[in-house]
Amino acid sequence: QVQLVEAGGGLVQAGGSLRLSCAASGRTFRNYAMGWFRQAPGKEREFVAAISWSGGRVSYADFVKGRSTISRDNAKNTVYLQMNSLKPEDTALYYCAAGRESYPLDVDYAAYDYWGPGTQVTVSS
C-alpha cells in the first residue's frame with residue numbers, strides 16, 4: 001500500500017501560481033511513477049501531468065504545457081506540481097496518484113493504483 005496526501009491548494013486570482021505537493025508513505029515511493037489528475041464538478045477526471053520514478057521522463061496535458069512543472073524528490077517521498085498563469089478553468093479538485101512505470105507514461109487514471117484524497121484549487125477571475 002502507498003498512502004498519499006496532497007497539500008498546497010487554495011484560492012488564487014487568475015494569473016497567479018500555486019505549488020501542490022503530495023507526500024507518500026508506505027511502500028517504496030521510488031518504485032512508482034506519479035501522476036496528477038484533476039476533476040471539476042460535473043466533469044470527468046482528467047490527466048494533468050506525470051513523472052517517471054527517476055524523474056527523467058515527464059508528460060503533460062496540452063492545457064498545462066508551458067504553465068506547469070511536475071517534479072519529485074525521492075529522498076523526501078514527495079511529488080510536486082508547480083502551476084503558473086492559473087486560469088478560472090483550472091478550478092478543480094487535484095489528485096496525486098501512484099502507478100506502475102510505463103512507456104510512455106500513463107495518462108489514463110485507471111492505470112494508477114493509489115490515490116490521495118485531493119486538494120481543492122479555485123481560481124477566481
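A brief structural summary. All residue numbers here refer to positions counted from 1 along the written sequence of the relevant chain. Residues qualify for local features only when their pLDDT is at least 70, as the model is predicted, and side-chain atom pairs are given and counted only at 80 or more; totals for whole chains, interfaces and linings, by contrast, use all residues. With hydrogens and water stripped out, all remaining heavy atoms of the structure feed into the side-chain values.

Let's shift gears to the pattern of salt bridges. A carboxyl oxygen of Asp or Glu within 4 Å of a side-chain nitrogen of Lys or Arg is what we treat as a salt bridge. In total, this model carries 6 salt bridges according to the counting rule given. For Arg-38, the salt bridge goes to Asp-90, with nearest N and O atoms at 2.9 Å. Remark: Asp-90 occurs in the loop between strand E8 (78-83) and strand E9 (92-99) and Arg-38 occurs in strand E4 (residues 33-39); sequence separation between them is 52 residues. Across the pair, exposure class does not vary: Arg-38 and Asp-90 are buried alike. The residue Lys-65 makes a salt bridge to Asp-62 at a minimum N-O spacing of 3.3 Å. Each of Arg-38, Glu-46, Arg-67 and Asp-90 takes part in a single network of salt bridges with overlapping partners. Per the convention used, a helix needs a DSSP run of H or I reaching at least four residues, while a strand needs a run of E reaching at least two, with both numbered from the N terminus. Here the term buried applies to any residue with accessible area under 20% of the maximum for its type, exposed to any over 50%, and partly exposed to those in between, with areas from a 1.4 Å probe on protein chains only.

What follows concerns the side chain of Arg-72. Position of Arg-72 relative to the elements: it lies in strand E7 (residues 68-73). Positive charges are assigned to Lys and Arg, negative charges to Asp and Glu, while His and the chain termini are left out of the count. No salt bridge forms around the buried Arg-72; measuring N to O, its nearest opposite-charge neighbour Glu-101 is 5.8 Å away. A polar contact is formed between the side chain of Arg-72 and the backbone oxygen of Phe-29, at a distance of 3.2 Å. Polar contacts here mean pairs of N or O atoms no more than 3.5 Å apart (in protein, one a potential hydrogen donor and the other a potential acceptor; neighbouring residues in sequence count only if both atoms are side-chain atoms). Here the side chain of Arg-72 touches Asn-74 through a polar contact of 2.8 Å, side chain to side chain. Residue contacts for Arg-72: discarding those within four places in its chain leaves Phe-29, Arg-30, Tyr-32, Ala-33, Met-34, Ile-51, Ser-52, Trp-53, Gly-55, Thr-78 and Val-79. The contact definition used throughout considers only heavy atoms, calling two residues in contact when any of these lie within 4.5 Å.

In this analysis, rings of Phe, Tyr and Trp, with Trp reduced to its six-membered ring, are considered paired at centre separations within 6.5 Å, and the interplanar angle assigns stacked below 30 degrees, edge-to-face beyond 60, and tilted for intermediate values. By the definition in use, this model includes 6 aromatic pairs. Judged by centre distance (6.4 Å) and plane angle (65°), the rings of Tyr-112 and Trp-115 are edge-to-face. On the accessibility criterion, Tyr-112 (6% relative accessible area) is buried. An aromatic cluster of at least three residues, connected via ring pairs, comprises Phe-37, Phe-47, Tyr-95, Tyr-112 and Trp-115. The ring of Tyr-95 is capped by Arg-45, whose NZ or CZ atom sits 4.0 Å from the centre of that ring. Think of it as a cone above the ring: NZ of Lys or CZ of Arg counts as a charge over the ring if it is within 6 Å of the ring centre and within 35 degrees of the ring normal. If you follow Arg-72 out to its NZ or CZ, it ends over the ring of Phe-29, 4.4 Å from the centre.

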